[in-house]
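Spelled out from the first residue to the last, the chains are:
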Amino acid sequence: FVNCAGNAADARRPAGKNKINSLVNDFRREEGFEIVKLGSFSMNLLRLAVKFSDDGDMDEDDRKAMKALSGIKAMTVVDYEDASKSVRDRFTERLDRILAGNELLLEAKDDGETVRIYASPAKDSSMVKDIIIHNPSDGALVCFFGTVDVDLIGELAKQSKNMD
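Described in the following lines is the structure provided in the data block. Computed from a prediction, not measured in an experiment: that's the story for all the values here. (Residues numbered from 1 in each chain as written. Predicted model: local features only at pLDDT ≥ 70, side-chain atom pairs only at ≥ 80, totals over all residues. Heavy atoms only, no water.)

Here we look at the overall build of the chain
Next, step 1: Check the secondary structure of the chain and you find six helices and six strands.
Next, step 2: Shown N-terminal to C-terminal, the secondary structure of the chain runs as helices and strands in the order α-α-β-α-α-β-α-β-β-β-β-α.
Next, step 3: Looking at the chain alone, contacts between residues at least 24 apart form 56% of all its contacts between residues at least 6 apart.
Next, step 4: Working note: accessible area of the chain is about 10,500 Å², and carbon and sulfur atoms make up 52% of it. (Helix = DSSP H or I, 4+ residues; strand = E, 2+ residues; numbered from the N terminus. Contact = heavy atoms within 4.5 Å. Areas by Shrake-Rupley, 256 points an atom, 1.4 Å probe, with all protein chains shown as cover.)

This is how it looks when you write it as structure tokens:
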């Protein structure tokens, strides 16, 4: 028995990416919104530039970070800190509805600010796809579209914590 419905769903592009890009496009002309989108070509150029610029200076942590980013195919960054409160609230409300179906990996609260990190499980249980980082207090949204090894993220986070 083959579950065709599951296979068909897996073949689709992640709905989160499409919905988030649609939301971002809806707000792109709003006063106070700054948006940067990098597609796969730009991400490949960025990885290549980093590799060649610091190849001799890269330590093990840098190589792990580059490996973690190797599955990222696109990136979207939205800064809406300077938008009016009503526009910020409307954007955050719509984004929260879109992200309701995604898995909340981490929520951190500090001095009244909240940062949430979401992801979707990939077919391979050691991977996640489409990492979304949202800080509504600062009006910031960072989206990494693609797949990332969960263990590698954990190692990088642990090393980062040890550096503090």
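A few points about the pairing of strand S2 (residues 72-79)
Next, step 1: Examined bridge by bridge, strand S1 (residues 34-38) and S2 share five bridges and lie antiparallel to one another. Within the sheet, the bridge partner assigned to Ile 35 lies in S2 and is Val 78.
Next, step 2: Two elements, S2 and strand S6 (residues 140-149), share seven bridges in a ladder whose sense is antiparallel. In the sheet register, Val 78 faces S6, and the bridge partner there is Leu 141. (Pairing = 2+ DSSP bridges.)

Description of the sheet that holds strand S4 (residues 113-121)
Next, step 1: With antiparallel pairing, six strands are arranged side by side in an open sheet as S1-S2-S6-S5-S4-S3. Sheet topology places S1 and strand S3 (103-110) at the edges, where each strand pairs with a single neighbour. The sheet shows a mean angle of 10° between the axes of neighbouring strands, taken without regard to direction.
Next, step 2: By the bridge criterion, eight bridges tie strand S5 (residues 127-135) to S6 in an arrangement that is antiparallel. Opposite Ile 131, over in S6, you have Phe 144 as the bridge partner. (Axes fitted to C-alpha atoms, helices over the stretch in contact; angles between N-to-C directions.)

Some thoughts on the packing of aromatic side chains
Next, step 1: A full pass over the atoms with the stated rule returns five aromatic pairs.
Next, step 2: When the ring of Phe 33 is compared with that of Phe 91, the centres are 5.2 Å apart and the planes differ by 70°; the resulting orientation is edge-to-face. Of this pair, Phe 33 sits in the loop between helix H2 (15-27) and S1 while Phe 91 sits in helix H5 (residues 85-99), placing them 58 residues apart in sequence. (Phe/Tyr/Trp six-rings, centres within 6.5 Å; stacked < 30°, edge-to-face > 60°.)

What about a negative patch on the surface?
Next, step 1: On the surface, Glu 31, Glu 34, Glu 81, Asp 82, Asp 110, Asp 111, Glu 113 and Asp 138 cluster together into a negatively charged patch.
Next, step 2: You can see Glu 81 is positioned in the loop between S2 and H5.
Next, step 3: On the accessibility criterion, Glu 81 (42% relative accessible area) is partly exposed. (Patch = residues over 30% accessible without salt bridge, like charges linked within 9 Å, V, L, I, M, F, W, Y side chains within 5 Å. Salt bridge = Lys/Arg side-chain N within 4 Å of Asp/Glu carboxyl O. Lys, Arg positive; Asp, Glu negative; His and termini not counted. Charge placed at Lys NZ, Arg CZ, Asp CG, Glu CD. Buried < 20%, exposed > 50% of the residue type's maximum accessible area, 1.4 Å probe, protein only.)

Here we look at unusual backbone geometry
Next, step 1: For Asp 111, which is not glycine, the phi dihedral falls at a positive 50°.
Next, step 2: Structurally, the position occupied by Asp 111 is in the loop between S3 and S4.
Next, step 3: Of note in the backbone geometry, Asp 130 takes a positive phi value of approximately 55° without being a glycine.
Next, step 4: By secondary structure assignment, the location of Asp 130 is in strand S5.
Next, step 5: Residue classification places Asp 130 among the buried positions, given a relative accessible area of 5%.

Description of the environment of His 134
Next, step 1: Residue position: His 134 is located in strand S5.
Next, step 2: Along the chain, His 134 and Asp 96 lie 38 residues apart, while their C-alpha atoms are 9.5 Å from each other.
Next, step 3: Non-local contacts of His 134, meaning those with residues more than four positions away in its chain, are made with Tyr 80, Thr 92, Leu 95, Asp 96, Thr 114, Val 115, Arg 116, Ala 140 and Leu 141.
Next, step 4: Of the polar contacts made by the side chain of His 134, one reaches the side chain of Tyr 80; its length is 2.6 Å. (Polar contact = N/O pair within 3.5 Å; in protein donor to acceptor, adjacent residues only side chain to side chain.)

Let's talk about the environment of Ser 125
Next, step 1: Tracing the backbone shows Ser 125 in the loop between S4 and S5.
Next, step 2: C-alpha separation for the pair Ser 125 and Val 150, spaced 25 residues apart in sequence, amounts to 8.7 Å.

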